[in-house]
Amino acid sequence: MTAIVDYDAGNVRSVEKAIVHLGGEAILTRDLAEIRKADHVIVPGVGAFGDAMERLHRYGLVEPLREVAAAGTPIMGICLGLQLFFEKSEEADPDVSGLSLLPGELKRFPETEGYKIPQIGWNRLKIREGSRLFAGVPEGAFVYFVHSYYLKAANESDVAATAEYMIPFDAAVERDNVFATQFHPEKSGEIGLRILNNFLSL
């Protein structure tokens, strides 16, 4: 069973439908017992970093998610979920901490002539060799992004894929049982389904 964490951040139903399409079982939940006993946990979401962390604290989800990650359960962040896995974001006040499952921070794309913020649309991935999340995904595959802030991971070894929009940025990460994508695999066609299936197969 895959627990999709529901913390009022939107974009949860499309992830649930993708999991079911792949033949998996999914439950939308903020029930701590359900999350702790799940085989896989997904933290999707769209919205603002600070607001999302406030809701995670309000629903008592911060420590359970950290426990799940520490226990070795495969856990995946999608879009805002990726951002929440890290330590801090320029979008929020400096005293707002993320889940800190991995070291790094989120920075706002610089204002650049000819580019719009947020980045909305398809972009090409550069994939790290040996990535489990991207097994069978061809180099240069296109996936769908919607974001104004980009990840700068502290450890290059955590980066599973990069992309470029104005500047190169970290598009996906994986370390042990912790995985995350800045893009939306559930909106990225067959490539996205392959990525989700790779995660569910872990």
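To be clear, the structure that these remarks concern was listed above.
Residues numbered from 1 in each chain as written. Predicted model: local features only at pLDDT ≥ 70, side-chain atom pairs only at ≥ 80, totals over all residues. Heavy atoms only, no water.

(A) Structural view of the pairing of strand 10 (residues 149-153). Of all 5 residues that make up strand 10, 4 are buried, and the element is covered over most of its length. Taken together, the 5 bridges between strand 6 (residues 104-108) and strand 10 define a ladder with antiparallel strand orientation. What sits directly across from Glu105, in strand 10, is Lys152. (Buried < 20%, exposed > 50% of the residue type's maximum accessible area, 1.4 Å probe, protein only. Helix = DSSP H or I, 4+ residues; strand = E, 2+ residues; numbered from the N terminus. Pairing = 2+ DSSP bridges.)

(B) Just the packing of aromatic side chains, in detail. Overall, the coordinates contain 9 aromatic pairs when judged by the stated rule. A centroid spacing of 5.6 Å and a plane angle of 80° characterise the contact between Phe109 and Phe169, whose relative ring orientation is edge-to-face. Taken together, the residues Phe109 in the loop between strand 6 and strand 7 (119-124) and Phe169 in strand 12 (residues 167-175) connect sequence positions 60 residues apart. Residues Phe179 and Phe199 carry aromatic rings whose centres are separated by 5.9 Å and whose planes lie at 70° to one another, so their mutual orientation is edge-to-face. With Phe179 in strand 13 (residues 178-181) and Phe199 in helix 6 (residues 189-200), this pair connects stretches of sequence that are 20 residues apart. (Phe/Tyr/Trp six-rings, centres within 6.5 Å; stacked < 30°, edge-to-face > 60°.)

(C) Structural context of helix 1 (residues 13-21). If you check which residues of helix 1 are buried, you get Val15, Glu16, Ala18 and Ile19. Here the buried residues of helix 1 occupy an arc of 160° about the axis, which is enough to place them on one side. Along helix 1, exposed side chains directed more than 90 degrees from the buried face belong to Arg13, Lys17 and His21. Packing partners of the buried residues in helix 1 comprise strand 1 (2-5), strand 2 (26-29), strand 3 (40-43), strand 4 (75-78) and helix 6. With its phi angle positive at about 90°, Gly23 sits one or two positions after the end of helix 1. (Arc of directions from axis to C-beta. Contact = heavy atoms within 4.5 Å.)

(D) Representation of unusual backbone geometry. Along the chain, Ile117 connects to Pro118 via a cis peptide bond; the corresponding omega equals 10°. Tracing the backbone shows Pro118 in the loop between strand 6 and strand 7. Backbone geometry at Met166 places phi at a positive 70°, although glycine is not the residue there. In this fold, Met166 is placed in the loop between strand 11 (159-165) and strand 12. For Asp176, which is not glycine, the phi torsion reads 55° and is therefore positive. Inspection of the secondary structure puts Asp176 in the loop between strand 12 and strand 13.

(E) Region of interest: helix 6. When the terminal C-alpha atoms of helix 6 are compared, their 17 Å separation across 12 residues agrees well with the 16 Å that a helix rising 1.5 Å per residue should span. Every buried residue belonging to helix 6 is among Gly192, Leu193, Ile195, Leu196, Asn198, Phe199 and Leu200, and all of these are buried. The secondary structure elements touched by the buried residues of helix 6 are strand 1, helix 1, strand 3, strand 4, strand 9 (142-147) and strand 13. (Expected span 1.5 Å × (residues − 1).)

(F) Region of the structure containing the side chain of Gln119. Tracing the backbone through its elements, the reader meets Gln119 in strand 7. Residue class for Gln119 comes out buried when judged on its relative accessible area of 2%. Within the structure, the side chain of Gln119 is placed 2.7 Å from the side chain of Asn123, a separation counted as a polar contact. At 2.7 Å, the side chain of Gln119 forms a polar contact with the side chain of His147. If we skip the residues at most four places from it in the chain, Gln119 touches Phe109, Phe145, Val146, His147, Tyr165 and Phe169. (Polar contact = N/O pair within 3.5 Å; in protein donor to acceptor, adjacent residues only side chain to side chain.)

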